[in-house]
Amino acid sequence: MVDRLAQVPPPVPIVAEEPDHEAAWEQRGISAEDREVWVAAGLRLTEADLADRCLSADITPAELSMKLSGRTTLQRLRDGEASTSVWARIREAEQQPRRAGTKLTGRFQLS
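Numbering of residues begins from 1 in every chain and follows the order in which that chain's sequence is written. Residues qualify for local features only when their pLDDT is at least 70, as the model is predicted, and side-chain atom pairs are given and counted only at 80 or more; totals for whole chains, interfaces and linings, by contrast, use all residues. Note: side-chain values were computed over all heavy atoms of the structure, leaving out hydrogens and water.

1. Thoughts on the overall build of the chain
Move 1: In this description a helix means any DSSP run of H or I spanning at least four residues, a strand means any run of E spanning at least two, and both kinds are numbered starting from the N terminus. Helix and strand content of the chain: six helices and two strands.
Move 2: By definition, residues are in contact when any of their heavy atoms lie within 4.5 Å. Long-range pairs, those at least 24 residues apart, make up 40% of the contacts in the chain between residues at least 6 apart in sequence.
Move 3: Summed over all atoms, the accessible surface of the chain reaches about 8,000 Å², with 54% contributed by carbon and sulfur. Each accessible area is a Shrake-Rupley estimate made with a 1.4 Å probe; only the visible protein chains count as cover when residues are assessed.

2. Points about the environment of alanine 40
Move 1: Secondary-structure assignment places alanine 40 in helix 3 (residues 32-40).
Move 2: Sequence spacing of alanine 40 and alanine 62 is 22 residues, and the spatial spacing of their C-alpha atoms is 9.6 Å.

3. Re unusual backbone geometry
A negative phi angle is the norm for most residues apart from glycine, just as the trans form is the norm for most peptide bonds.
Move 1: The backbone of aspartate 58 sits at a positive phi, close to 60 degrees, despite the residue not being glycine.
Move 2: With respect to the helices and strands, the residue aspartate 58 is situated in the loop between helix 4 (48-56) and strand 1 (67-68).
Move 3: With a phi close to 55 degrees, serine 69 is a non-glycine residue in the positive phi region.
Move 4: On the secondary structure map, serine 69 appears in the loop between strand 1 and strand 2 (71-72).

4. Here's the deal with the confidence of the model for the chain
Move 1: Think of pLDDT as the predictor's per-residue confidence, scored from 0 to 100. On average, residues of the chain carry a pLDDT of 84, and 78% of them reach 70 or more.
Move 2: In the model of the chain, helix 1 (residues 4-7) stands out as the element of lowest mean pLDDT, 64, in contrast to helix 5 (residues 73-78), which has the highest, 96.

5. Regarding helix 4
Move 1: Listing the buried residues of helix 4 in full gives Ala48, Leu50, Ala51 and Cys54. Around the axis of helix 4, the buried residues are gathered within 160 degrees of arc, so they sit on the same side.
Move 2: Close packing links the buried residues of helix 4 with helix 2 (21-27), helix 3 and helix 5.
Move 3: Within two residues after helix 4, aspartate 58 carries a phi angle of roughly 60 degrees, on the positive side. To sort residues, take the accessible area from a 1.4 Å probe on protein chains only and compare it with the maximum for the residue type: under 20% means buried, over 50% means exposed, and anything in between is partly exposed. Comment: arc refers to directions from the helix axis out to C-beta atoms.

6. Concerning the nonpolar core
Move 1: Residues belong to a common nonpolar core when they are buried Ala, Val, Leu, Ile, Met, Phe, Trp, Tyr or Cys residues joined through side-chain atoms within 4.5 Å. Core analysis: the largest hydrophobic core is formed by 17 residues, its most contacted members being Trp25, Trp38, Leu43, Ile59, Leu64 and Leu77.
Move 2: Elements with a minimum of two residues in this core: helix 4, helix 5 and helix 6 (83-95).
Move 3: Here the element with the most residues in this core is helix 4; it accounts for four residues.
Move 4: Excluding residues within four positions of it along the chain, leucine 43 makes contact with Trp25, Trp38, Leu50, Ala51, Leu64, Leu74 and Arg78.

7. Let's talk about the pattern of salt bridges
Move 1: One speaks of a salt bridge when a side-chain nitrogen belonging to Lys or Arg is within 4 Å of a carboxyl oxygen belonging to Asp or Glu. Evaluated as defined, the whole model comprises eight salt bridges.
Move 2: Across the pair glutamate 63 and arginine 91 runs a salt bridge, and its minimum N-O distance is 2.3 Å. Highlighted residues: glutamate 63 in the loop between helix 4 and strand 1 and arginine 91 in helix 6, separated in sequence by 28 residues.
Move 3: Here glutamate 63 falls in the buried class, since its relative accessible area comes to 10%.
Move 4: Note on arginine 91: relative accessible area 15%, which makes it buried.
Move 5: Residue glutamate 94 is joined to arginine 91 by a salt bridge in which the shortest nitrogen-to-oxygen separation is 3.0 Å. Taken as a pair, glutamate 94 and arginine 91 lie in helix 6 at a separation of three residues, close to a single helical turn.

Following this line, the structure appears as structure tokens:
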């Protein structure tokens, strides 16, 4: 009688392929140097889409740490606030530097 366990090959370990985050940045036209600037400003390697949204709304990496009504630009964007609304908050804060963190006036509120 043949030992059936001796005939079964050992299981092959399944290795999950690492996602190519660099390709996601490149697809959006963001160079490796620019990616490093965004990452240094607080974005994760997985957030190429967020960097793209910022670029579309003229939000710079330096503005990600800016406090707007108690929360940073980056926190607001990650929480799903519209990038155009965040852009308006940034511009208003720049116009009123002593009143940082104030609420948006009616002219900048976006629906």
